[in-house]
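# Summary of structural features
Chain by chain, the residues run as shown.
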Amino acid sequence: MAVRGPAPRADARPRLDLQFFQRFLQIQKVLFPSWSSQNALMFLTLLCVALLEQLVIYRVGLIPSQYFGVLGNKDLSGFKTLTFLAVVLIVLNSMVRSSPCVSLPLQPSVMPLQCPVGLSHQEAGTKLWLKSFDQFTCNLLYVSWRKDLTEHLHRLYFRGRVYYTLNVLRDDIDNPDQRISQDVERFCRQLSSMASKLIISPFTLVYYTYQCFQSTGWLGPVSIFGYFLLGTVVNKMLMGPIVAKLVQQEKLEGDFRFKHMQIRVNAEPAAFFRAGHVEHVRTDRRLQRLLQTQRELMSKELWLYIGVNMFDYLGSILSYVVISIPIFSGIYGDLSPTELSTLVSKNAFVCMYLISCFTQLIDLSTTLSDVAGYTHRIGELQETLLDMTLKSQDGEILDESEWDLARAPGWPATERTDTAFLLERVCISAPSSNKPLIKNLSLKISEGQSLLITGNTGTGKTSLLRVLGGLWESTWGSVQMLTDFGPHGVLFLPQKPFFTDGTLREQVIYPLKEIYPDSGSADDERIMRFLELAGLSGLVARTEGLDQQVDWNWYDVLSPGEMQRLSFARLFYLQPKYAVLDEATSALTEEVESELYRIGQQLGMTFVSVGHRRSLEKVKTALDGLP
């Protein structure tokens, strides 16, 4: 039944390109709808905390050079003052994050030059205060981002019948449920983990570039920036295949999860077929495809890890090269050994921290590749949903939010009429095929004239109901729905009963008063009466009341007959003027079937029924004979 959406370009392979940045910016518009939004204010708070962290780190980084100065000059008073200041700053810094020497964990040779004795183990201290608040703010951003992005996608996904079209009629977007539930969660978590480093990077790079220029001249910053650009180009080349492979892995993850869900939903039919071995083989086959893709992804990530680690180690050598430039060029020839030691220590901190800032950005390559993969999957879904929403505004897909709630939801009717549907020369084909199922059908369905549709399997009976319900479009002719959809209008009961999560009351009044405002209050007496008429009075005892939350799946605890009875209880409660039933009594006895139709007739319903059973012909004859 599924049909393909717009065919992607042959070269439309997910990668770090302009399309990625466009999709990323579109997602950011959802996360930051305005400058005064909650997310923007939290992001600004995170920036302030990060700036305060950097201030503390800078002050601690200058302590070694200051010690060289007071010790070289034998300044006891200055030594005492500096020691007191150092203790305060280091205690505060241990609560913020590791010192500058610790921020370069791959450069142990740097520590003797950069860190005073006793400060190389600062990272072992408890990270409280600013660092804790930093992490807390990032966690709040993660929750808020996930809420906003998921609700945005939900608004598009549940608009009209977009969810139906995407899951049933199109196959160009794989696993939309996984993209909304899992990919959004991972995207927001990974992005929040990068937020603190990304938000402070422009400020630290500008400041330490200026300091490096003051210390070494133009050659120092140019060397460091050139080294960073080289590392960026290499990492981008390495990340390209990773992004594409990550997108493929997430698709296979969704397929594997769907296979298990398929077994869970259809466990009983599979057990009757003794299909355990067959499904075991099929499920393992999907697992092997997934694991093979994960192995290929790990192989590609290995080269990225090698590049990142090599960049880190070579950066320590580059820092010494930059420091040596003004020394060997004679710029500091007139300085005393004490002054030279002080200056070299300060320059070492500035150059190494600038390289460290670039190193942290390079270290985010693996996280960025994950974010890029999720960006493509979420962005592709968002583009598709927005496109389908635009079509709904053009009238191709009806949106429940545009229903006329003053009367009842549905296609607006200019006046009350005794006709529900009017079809003129209608031709129907399945969306995935041009083979006609129904040709030149003209039909008028009016109040009090029940209709029975019979025929062999595959002749288009259910397809006709899909066209009447607006799920499909006719290939030719005119289909008019001249009454409202919902209570006091038209209501459909599909072949497979649908039950949501919730209480027994919620099953009976589904889809709730928010969508059907004319359905009346959820009256206990009415619900109990209709459950009794449907033969389900004992179900109240099983659920321990109408409003008791149950922890089971309704499809697992109810028999097929009970599910159809519960669907009729819902039908009686909503009391539509027209009831369109698709094999809605196939699991019931003929006596129960006849009784349910009779009750519906007494409640004022006109039936449009699809079925194979001869008993339905007797029921229709009996209904036509009733006054």
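Quick caveat: nothing in here was measured; it's all calculated off a predicted structure. (Residues numbered from 1 in each chain as written. Predicted model: local features only at pLDDT ≥ 70, side-chain atom pairs only at ≥ 80, totals over all residues. Heavy atoms only, no water.)

Across its full length, the protein holds 22 helices and 7 strands. Looking at the protein as a whole, 47% of its 627 residues are labelled buried. Total accessible area on the protein is roughly 32000 Å²; 60% of this is exposed by carbon and sulfur atoms. (Helix = DSSP H or I, 4+ residues; strand = E, 2+ residues; numbered from the N terminus. Buried < 20%, exposed > 50% of the residue type's maximum accessible area, 1.4 Å probe, protein only. Areas by Shrake-Rupley, 256 points an atom, 1.4 Å probe, with all protein chains shown as cover.)

It is worth spelling out the sheet that holds strand β5 (residues 490–493) at this point. Here we have 4 strands laid out as an open sheet, ordered β3-β7-β6-β5, and parallel in their pairing. The sheet is open, and its two borders are formed by β3 (451–453) and β5, each paired with just one other strand. Averaged over neighbouring strand pairs, the angle between their axes works out to 10 degrees when direction is ignored. Strand direction decides the pairing type here: β5 and strand β6 (residues 578–582), joined by 4 bridges, are parallel. Opposite Phe492, over in β6, you have Val580 as the bridge partner. (Pairing = 2+ DSSP bridges. Axes fitted to C-alpha atoms, helices over the stretch in contact; angles between N-to-C directions.)

The residues that UniProt annotates with the feature "transmembrane region" (unreviewed entry) are residues 39–58, 78–96, 216–235 and 302–323. Here residues 39–58 is 100% helix and 0% strand, with 28 Å between the C-alpha atoms at its ends. With 90% helix and 0% strand, the stretch residues 216–235 has end C-alpha atoms that lie 28 Å from each other. (UniProt positions renumbered as here; feature names shortened; annotations may be inferred.)

Time to look at the nonpolar core. Among the nonpolar cores identified, the biggest contains 35 residues, and Leu504, Leu531, Leu566, Phe568, Leu571 and Leu581 are the most heavily contacted of them. Elements supplying a minimum of two residues to this core: β5, α15 (504–509), α17 (524–533), α18 (539–542), α20 (560–574), β6 and α21 (590–602). At 8 residues, the largest contribution of residues to this core is made by α20. In this structure Leu531 touches Leu504, Val508, Leu536, Ser537, Val540, Leu546, Leu566 and Ala569, once residues within four positions along its chain are discounted. Core analysis: the second largest hydrophobic core is formed by 34 residues, Met239, Leu304, Leu318 and Met352 among them. (Core = buried A, V, L, I, M, F, W, Y, C linked by side-chain atoms within 4.5 Å. Contact = heavy atoms within 4.5 Å.)

Let us now look at the pattern of salt bridges. A side chain with one charge can pair with a side chain of the opposite charge if their charged atoms come near. Counted by the stated rule, this structure contains 19 salt bridges. For the salt bridge of Lys147 with Asp148, the shortest nitrogen-to-oxygen distance reads 3.9 Å. Residues participating in the shared-partner salt-bridge network are Asp174, Arg179, Asp183, Arg377 and Glu380. (Salt bridge = Lys/Arg side-chain N within 4 Å of Asp/Glu carboxyl O.)

Taken together, the side chains of Leu302, Trp303, Ile306, Met310, Leu314, Ile317 and Val321 define a hydrophobic patch exposed on the protein surface, amounting to about 690 Å² of accessible area. Structurally, Val321 can be placed in helix α11 (residues 276–328). (Patch = residues over 30% accessible without salt bridge, like charges linked within 9 Å, V, L, I, M, F, W, Y side chains within 5 Å.)

Turning our eyes to something else, we now look at the pairing of strand β7 (residues 606–610). Judged by how many residues are buried, β7 sits mostly within the fold: 5 of 5 residues are covered. Direction of pairing for β6 relative to β7: parallel, over a ladder of 5 bridges. Bridged to Ala579 within β7 is Phe607. Between the parallel pair β6 and β7, the chain is carried across by α21, and the sense of this crossover is right-handed. (Right-handed = clockwise from strand over helix to strand, strands pointing away.)

Let's shift gears to the packing of helix α8 (residues 176–216) against helix α12 (residues 337–363). Close contact between α8 and α12 brings their axes to 9 Å; oriented N to C, the two are set at 150 degrees. In the crossing of α8 with α12, the sense of the turn from one axis to the other is left-handed. Judged by residue contacts, Lys197, Leu198, Ser201, Thr204, Leu205, Tyr208, Thr209, Gln211, Cys212, Ser215 and Thr216 of α8 engage Asn347, Phe349, Val350, Cys351, Tyr353, Leu354, Cys357, Phe358, Gln360 and Leu361 from α12. (Left-handed = near helix turned anticlockwise from the far one by under 90°.)

Running from amino to carboxyl end, helix α9 (residues 219–265) crosses α11 at an angle of 165 degrees, the nearest separation of the two axes being 9 Å. As judged from the angle between their axes, α9 and α11 are roughly antiparallel. Considering how the two elements wind past one another, α9 and α11 form a crossing that is left-handed. Classifying every residue of the contact of α9 with α11 gives 25 nonpolar, 12 polar and 11 charged. (Parallel < 35°, antiparallel > 145°, perpendicular 65-115°, else oblique. Nonpolar A, V, L, I, M, F, W, Y, C, P; charged D, E, K, R; others polar.)

With that settled, the discussion passes to the confidence of the model for the protein. Taken over all residues, the pLDDT of the protein has a mean of 77, while the share at 70 or more is 80%. This model gives residues 7–11 a pLDDT under 50, and the stretch forms 0 contacts once residues within four places in sequence are excluded. (pLDDT = per-residue confidence, 0-100.)

Okay, α17 next. Looking at α17, one finds that the buried residues are Ile527, Phe530 and Leu531. What you see down the axis of α17 is that its buried residues fit within an arc of 105 degrees, all on one side. Projecting away from the buried face of α17 at angles above 90 degrees are the exposed residues Glu525 and Glu532. At its buried positions, α17 is contacted by α15, α18 and α20. (Arc of directions from axis to C-beta.)

In space, the 3 strands of this open sheet follow the order β2-β1-β4, with antiparallel pairing throughout. The open sheet has two free edges, formed respectively by β2 (436–446) and β4 (476–481), since each of these has just one partner strand. Within this sheet the neighbouring strands show an average axis-to-axis angle of 15 degrees, counted without direction. Contacts between helix α14 (residues 461–468) and the sheet are confined to β1 (419–429), β2 and β4, with β1 contributing the most and set at about 125 degrees to the helix.

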